[in-house]
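The primary structure of each chain is shown beneath.
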Amino acid sequence: MNKNHKSKEKSLVLIKPDGVQRSLIGEIVKRYERTGLKLVALKFFIPTPKLVEKHYLIDDRWLESVGGKTIESYKEKGQKAPFSNPIQGGKWVLEKLKKFLSSGPIIAMVWQGNEAVGIVRKITGGTEPLSSDVGTIRGDLTLDSYPLADTDARAIRNLVHASGSPQEAAKEIRVWFKPNEIVKYRLIPEAILYDVNLDGIKE
Ligand code: ADP
Ligand code: MG
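All figures in this text were calculated on a predicted structure; none of them were measured in a lab. (Residues numbered from 1 in each chain as written. Chains lettered and ligands numbered in written order. Predicted model: local features only at pLDDT ≥ 70, side-chain atom pairs only at ≥ 80, totals over all residues. Heavy atoms only, no water.)

(A) Main features of the site of ligand 1. Taken together, 18 residues form the shell around ligand 1, and within it Trp62, Thr127, Asp150, Ile156 and Asn158 come nearest. In the model, a nitrogen atom of ligand 1 is placed 2.9 Å from a nitrogen or oxygen of the Thr70 side chain. At a separation of 2.8 Å, an oxygen atom of ligand 1 approaches a polar side-chain atom of Asn158. When its residues are assigned to classes, the shell around ligand 1 shows nine nonpolar, three polar and six charged. (Near = heavy atom within 4 Å. Polar contact = N/O pair within 3.5 Å; in protein donor to acceptor, adjacent residues only side chain to side chain. Nonpolar A, V, L, I, M, F, W, Y, C, P; charged D, E, K, R; others polar.)

So this is what it looks like as structure tokens:
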């Protein structure tokens with residue numbers, strides 16, 4: 001299959017320190033693994049605040065979007081956000097995220113497969129565990145909310161990070177992995193997902 005085939009799309013996933021501390025590594029990996037996505041890289045270590053900053057600042061619109069999403073979420077609840085300028089809010093969130101993600105070991109992974117980014121985001125759920133869908137990792141396995149995180153002046157603890165687009169994923173993967181750490185191999189069950197002719201099954 002050619003390099004640009006959709007089955008080669010990649011997503012970067014981080015299991016944040018709360019996921020590791022809650023002994024949810026296996027549960028989280030299982031949920032991505034059973035979709036048919038292929039694990040192509042994995043590491044376990046404590047990142048520096050600098051690495052975390054590099055990761056989040058890859059997309060120059062991220063600061064504005066994270067602040068904007070927060071303001072929107074408060075509005076939906078009929079409440080007022082703790083800040084009104086999205087970029088200023090984004091900067092505040094970034095400082096809290098640097099502290100949170102460097103507070104203990106994390107797992108960095110790359111998952112590959114058709115629509116990897118969309119599939120991973122669907123299983124991960126929305127940013128705020130209080131409002132993320134039932135059945136998702138963030139919706140099922142934890143309980144944080146914007147108001148609690150903001151009152152306590154800390155990052156939302158939502159177990160995982162997942163890339164927002166294939167372009168973002170490509171850049172994020174370069175932050176966390178060297179090119180030779182992405183393992184190239186054939187996963188045998190991929191045949192039932194992608195083979196066009198399925199001619200190797202009948203005896
Ligand atoms: P997502 O991780 O769902 O893509 P964002 O990229 O918008 O969400 O934000 C990155 C992370 O920043 C979130 O996963 C969450 O941990 C944290 N975060 C976002 N908004 C806030 C906020 N208002 N207060 C505290 N932490 C936040
Ligand atoms: Mg994001």
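Resuming the write-up.
(B) View of the packing of aromatic side chains. One pass over the structure, following the stated rule, counts four aromatic pairs. Consider the rings of Tyr56 and Trp62, whose centres lie 4.9 Å apart with planes at 35°: the pair is tilted. Ring geometry for Tyr74 against Tyr146: centres 6.3 Å apart, planes inclined by 50°, an arrangement best described as tilted. With Tyr74 in helix H4 (residues 62–76) and Tyr146 in helix H8 (residues 146–151), this residue pair connects regions lying 72 residues apart in the sequence. The ring of Tyr185 carries Lys38 above its face, with NZ or CZ at 4.9 Å from the centroid. Seen from the ring of Phe45, Lys43 lies directly overhead, with NZ or CZ sitting 5.9 Å from the centre. (Phe/Tyr/Trp six-rings, centres within 6.5 Å; stacked < 30°, edge-to-face > 60°. Helix = DSSP H or I, 4+ residues; strand = E, 2+ residues; numbered from the N terminus. Lys NZ or Arg CZ within 6 Å of the ring centre and 35° of its normal.)

(C) Here's a closer look at the nonpolar core. Formed by 24 residues in total, the largest nonpolar core has its most connected members in Trp62, Val110, Trp176 and Phe177. Breaking this core down by element, the ones donating at least two residues are strand E1 (10–15), strand E2 (38–45), helix H3 (49–56), H4, helix H5 (86–101), strand E3 (106–112) and helix H9 (166–176). Ranked by residue count, the leading element in this core is H5, at five residues. Once residues within four sequence positions are removed from consideration, Trp62 is found in contact with Tyr56, Gly90, Val93, Leu94 and Leu97. (Core = buried A, V, L, I, M, F, W, Y, C linked by side-chain atoms within 4.5 Å. Buried < 20%, exposed > 50% of the residue type's maximum accessible area, 1.4 Å probe, protein only. Contact = heavy atoms within 4.5 Å.)

(D) Spotlight on helix H6 (residues 116–124). For H6, every residue scored as buried is listed here: Ala116, Val117, Val120, Ile123 and Thr124. Relative to the axis of H6, the buried residues are bounded by an arc of 140° and lie together on one face. Among the structural elements, E1, helix H2 (25–33), E3, helix H7 (137–141), strand E4 (160–162) and H9 are those in contact with the buried residues of H6. Downstream of H6 by a residue or two, Gly125 has a phi angle that is positive, lying close to 90°. (Arc of directions from axis to C-beta.)

(E) Broad picture of H5. End to end, H5 covers 22 Å across 16 residues, agreeing with the expected 22 Å (1.5 Å per residue, within 8%). Where the residues of H5 are buried, they touch E1, helix H1 (17–21), H3, H4 and E3. By the N-cap criterion, in which a side-chain oxygen at the helix start approaches the backbone nitrogen of a residue two or three places on, H5 is capped by Asn85, the distance to Ile87 being 2.8 Å. (Expected span 1.5 Å × (residues − 1).)

(F) Inspection of the sheet that holds E2 at higher detail. Spatial ordering of the open sheet is given by E2-E3-E1-E4, a layout of four strands whose pairing is antiparallel. At either margin of the open sheet sits one strand with a lone partner, and together these are E2 and E4. Neighbour-to-neighbour, the strand axes of the sheet open up by a mean angle of 15°, direction not taken into account. When E1 meets E4, the two strands line up antiparallel, connected through three bridges. Residue pairing for E4: Val13 is matched across the bridge by Ala162. (Pairing = 2+ DSSP bridges. Axes fitted to C-alpha atoms, helices over the stretch in contact; angles between N-to-C directions.)

(G) Quick peek at the packing of H3 against H5. Contact pair H3 / H5: the axes reach a minimum separation of 8 Å and the direction vectors enclose 130°. Judged by the angle between their axes, H3 and H5 are oblique. Crossing of H3 over H5 shows right-handed handedness. On H5, the residues that touch Pro49, Val52, Glu53 and Tyr56 of H3 are Leu94, Glu95, Leu97, Lys98 and Leu101. Split into classes, the residues belonging to the contact of H3 with H5 amount to six nonpolar, no polar and three charged. (Parallel < 35°, antiparallel > 145°, perpendicular 65-115°, else oblique. Left-handed = near helix turned anticlockwise from the far one by under 90°.)

Interpretation in functional terms is not warranted from these geometric data alone.
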